[in-house]
Structures are given as structure tokens and as C-alpha cells.
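Here are the chains, one letter per residue:
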2 protein chains.
Amino acid sequence: MEITIGLVEDHSEFRQSLVFLISSFTDYQVVWSLGSVKEALDNQDPVDVILLDINLPDISGIEALPLFRKKNPEQKIVMLTIQDDEESILNAIKAGADGYILKKTSPQKILEAIRQVYEGGAALTPMVAKQVLAMFTPPKAKADTHSSLTPRETEILDLITQGITTVMIAEKLFISPQTVRNHIKNIYEKLQVHSKSQAVAKALKERIV
Amino acid sequence: MEITIGLVEDHSEFRQSLVFLISSFTDYQVVWSLGSVKEALDNQDPVDVILLDINLPDISGIEALPLFRKKNPEQKIVMLTIQDDEESILNAIKAGADGYILKKTSPQKILEAIRQVYEGGAALTPMVAKQVLAMFTPPKAKADTHSSLTPRETEILDLITQGITTVMIAEKLFISPQTVRNHIKNIYEKLQVHSKSQAVAKALKERIV
DNA sequence: CCTAAAATAACCCAAACGGGCTATTGTAAC
DNA sequence: GTTACAATAGCCCGTTTGGGTTATTTTAGG
């Protein structure tokens, strides 16, 4: 069975070589290949798999993902990009990408990835998979960074992340609100933040509490 | 460069055929292959990659993972199992597995996975990768609960969780700080909170952002 | 025994915050 | 065409916050 492919990639040279490459295999057929999301969204035939760059002129690949999904939900979408930062990967995943492979990936692996998503799986370049898995493991290296927090400080930070006010914390711990404020100030200094909201964000994201 | 491999698998038939298979390739060498975690932990030479079953007689592969890590942190560990439920996958990932492949995977793919983790990446069978990615996409039931937030409000809440100050948000969005404050007030009302820190806590815990 | 660190508490002050209220504009729905 | 809502923006006012500084008591470690 032949897999039909759509390609959105602004770098025309890379795009053409990719088309040439994929088309040289009998089981794969590039139905359309375009340089912008806009062109792709306007009147393009549905395909089995879309290869989508992230860094694009008009609309980024991440923003485009839900748009393609809306137009044709059963189309599989694989990000094909040079971006290998956690931010991009996470955004793509949250947007519902079926795959995330890097441009430096060998042609065979790209074709393999296409087949994998076509068959209902997901495809991740090893380096991307590594980063995805890392998102699950609590970064205990960072725990060290903040082990500088004293038990009392940790306790108070915990209460802050529960949204309890300074005064209520004081009451709960049977100490003066002023003391709570002092602890909070020390926490700020150690965490390098300047407000409660920043502290909460950091605490929750880095799993200090 | 030859990759050394350790194998923990209680089903002796499958184990032996796997040893035979892997050893038939010059770049891979099975240094030891055993039927239980206990044997493997007692006096076994360090290898580059351990293939670890989950369903084992004495200690499960998941429980064994940190033990192997402790003995020899630089050893890569790939789960090789029939378990494809979310529970098992999530536990293995949290325990720090470098790969997760299913036993039905073709021999070539297994060898490929070994090489991928050996080279510092992570290896996931497409069906497993699919489940992992699915863990990120928020069960939209929750999204509905907070769909009361307008796009602008969501945007601002997102920026708040990044620890950005009101004034900086205003600058970033090219609107007046006062408008930002108004949006924030509306967010408070909808989320039933009374401060930025509470909003951040709620947003992060309930994955609104 | 003495020193270091932690926990406690107070003061000042400018800036920010939270809550309340009103108002205009644009857009989408009925 | 008017009703509804989102986004914009302003004002007031009292409270809280963040940043700076100082000081006492207790606990732990050398």
C-alpha cells in the first residue's frame, strides 16, 4: 500500500531533495510539497502523513498543527525540524504531533518514521525520545541546587504553593507573620526569584515541593 | 566498536534465541544472559546495555532498574517486555529506563534500539512512543472545566506562571498594565483564587497552561 | 566552649497588589 | 439590530509585598 505524503518546508533546496528522495521509493508518494503553511491549508488534498517543519515564514509548524488536524483529523503529522530544544518538543507533543524527528536523521530513518506513524504508532528520534523521557524523571540534580533551603523554608514554600497567605501560614505555624516574611525573603534569595508567583512556578516546575 | 550486552529474561527459550541472534552480528556481544535479577546483580561484569524484562520471578524489572543503576550508573537499560500497558511504561520511564521495546519487535529493530541507547539516545517502540506522547496531551475533560477562560486570559495566566511581572506582561502584549490587571482579576474570579501565587499553583496543578 | 547556622521577630518604605467600579470598542450571535 | 461578551483602559483605596537592615534565642558541630 502506497503512503501519500505532504511536505511543508520553507527551505526549497532541502524540500526538493527530500521529495526526490522519498519519491524514489515505490511505497511512498509525495502528493504535494510547499513552502508555507498557508499554501498547504488552502486546497491541498488530504494525505496520509504530513511532514511539518517548525520554523516557517508565516505560521509556525506548532501553530499549524491544530489547523491541519481540524481540516483533516485522520492525517498523521510528523514534525521534521532542526529544533531540538525541550520547549519546541514539548509544544509539538502537546499540540498532538504523531512524531518528532530531526532533519539530520538519515533518509532511511525518516521513511521508517513515516511508516511507523502511518501504522498508528509514534516516531521519535532517539535524542528527542531521550528528552521526552527526561521530562518524566524528576530532575534531582536540581534538587541539590535547592537543598540549600532549610527545613523551615521548604515547609513555608510548600504552604505558599498551596496558595495559603502569609498571615495564614503564620497562624498555622504559630509564628509571627513577620517571621514568615523573613523566611520568604530568604527563599527568594536562594531560588533567585522576586515574587511569590515566581517562587510557586519554580517550586512546582522543579519539584522542590 | 563492539557493544557489550547483558540480558535478564526468565523465559529461557526466548533468552537463548535472543542471545543467538544478537551474537550473530559482529558489533554486538552478549556478555551474560540470566533468568533473574538476583543473579544479574551478583558479580556480573558491567556491560554497555542491559536488556531487562519486566515480568521476572524474584524482583521485577522495574524494581531492579534502580538497583542496576546504583551498581553501575553508566550502563544503559532497555526494557524488553510484552507489557504494553500505560502503568508499566510510566513506571519504567520514571525509574529512568533508556528504552522501552516490545518483545514482538523485529530483531533488527531490537539491535537498532540497542545501538541508539548506546549512542546516548533513547529507544521507544512506535506503539510505546504513541502512549508516551498521549500522556502529555491533557485529557480534554479538564480543558473543558476551565474553558471558561478566554484566550487572552489563558495567555496571561500562562505568562504569570512563567513568573513574569504584570508590567512586563503588558509590554510583551502591547497593552496597558491596567488591562493586564483587569484580566488577572477576571482570571481570579473564574479560578476562584485571590492571588497570583494561588493562580499559578492552580494553573500548574490542573494543567491549565 | 565557641562558632555557625537556623529560627525567631521587629522596623522602614516605596512599589505592587487585590477588589471595587465605570466605560469604550469591536465582534459574534440571535 | 440589539444583545452578549471579549478586550481594552482608566480611577480609587486600603492592604500586602519585596527589599533593606538589625537583633535575639536555640540548636548543632568542631
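Check the entry above for the structure.
Residues numbered from 1 in each chain as written. Chains lettered and ligands numbered in written order. Predicted model: local features only at pLDDT ≥ 70, side-chain atom pairs only at ≥ 80, totals over all residues. Heavy atoms only, no water.

Caption draft 1: Here's a closer look at helix α3 (residues 61–71) of chain B. Residues and elements named next belong to chain B. Taken residue by residue, α3 has Gly-61, Ile-62, Ala-64, Leu-65 and Phe-68 as its buried positions. For α3, the buried positions fall inside an angular range of 145 degrees around the axis, keeping them on one side. Next to the buried residues of α3 lie β1 (3–8), α2 (37–41), β3 (49–52), β4 (76–81) and α4 (86–94). (Buried < 20%, exposed > 50% of the residue type's maximum accessible area, 1.4 Å probe, protein only. Helix = DSSP H or I, 4+ residues; strand = E, 2+ residues; numbered from the N terminus. Arc of directions from axis to C-beta. Contact = heavy atoms within 4.5 Å.)

Caption draft 2: Quick look at helix α5 (residues 107–118) of chain B. All names here are of chain B. For α5, with twelve residues, the first-to-last C-alpha span of 17 Å sits near the 16 Å given by 1.5 Å per residue. Residues of α5 that are buried: Ile-110, Leu-111, Ala-113, Ile-114, Gln-116 and Val-117. Where α5 ends, the next residue or the one after it, Gly-120, has phi of about 95 degrees, a positive value. (Expected span 1.5 Å × (residues − 1).)

Caption draft 3: Structural detail: the protein's contact with DNA strand D. The immediate surroundings of DNA strand D are formed by 15 residues, with Lys-185 and Tyr-188 of chain A together with Thr-150, Ser-176 and Gln-178 of chain B found nearest. The sugar-phosphate portion of DNA strand D accounts for 62% of its atoms within 4 Å of the protein, the bases making up the rest. Gln-178 of chain B is positioned with one of its side-chain polar atoms (N or O) 3.0 Å from a base nitrogen of DNA strand D. His-183 of chain B places a side-chain nitrogen or oxygen 2.8 Å from a phosphate oxygen of DNA strand D. Within the residue set of the surface near DNA strand D, elements represented by two or more residues are α10 (177–191) of chain A together with α8 (151–161) and α10 (177–191) of chain B. Here the surface near DNA strand D takes four residues from α10 of chain B, the largest share from any one element. Here the residues of the surface near DNA strand D sort into three nonpolar, nine polar and three charged. (Near = heavy atom within 4 Å. Polar contact = N/O pair within 3.5 Å; in protein donor to acceptor, adjacent residues only side chain to side chain. Nonpolar A, V, L, I, M, F, W, Y, C, P; charged D, E, K, R; others polar.)

Caption draft 4: Focus on the protein's contact with DNA strand C. Neighbouring DNA strand C are 16 residues, the closest being Thr-150, Arg-152, Ser-176 and Asn-182 of chain A together with Lys-185 of chain B. One nitrogen or oxygen atom from the side chain of Thr-179 of chain A is found 3.1 Å from a phosphate oxygen belonging to DNA strand C. Contacts to DNA strand C include Lys-196 of chain B, whose side-chain N or O atom sits 2.8 Å from a phosphate oxygen. Looking at the surface near DNA strand C, the elements with two or more residues in it are α8 (151–161) and α10 of chain A together with α10 of chain B. Considering every element that reaches the surface near DNA strand C, the biggest residue donor is α10 of chain A, with four residues.

Caption draft 5: Layout of the interface of chain A and chain B. Between chain A and chain B, the residue contacts involve 33 residues of the former and 34 residues of the latter. Both sides of the chain A and chain B interface together cover about 2800 Å² of buried area, and 70% of this is carbon and sulfur. When residues of chain A are sorted by the area they lose upon contact with chain B, Leu-133, Phe-136 and Ser-197 of chain A head the list and together hold 21% of the total. There are zero salt bridges connecting chain A and chain B. In this assembly, chain A and chain B are joined by eight residue pairs in polar contact (both at pLDDT 80 or more). For the side of chain A that touches chain B, the secondary structure elements donating two or more residues are α4 (86–94), α5 (107–118), α6 (126–134) and α11 (196–205) of chain A. Of the residues forming the side of chain A that touches chain B, the biggest block, seven residues, is contributed by α11 of chain A. (Buried area = accessible area lost by both parts, 1.4 Å probe. Salt bridge = Lys/Arg side-chain N within 4 Å of Asp/Glu carboxyl O.)

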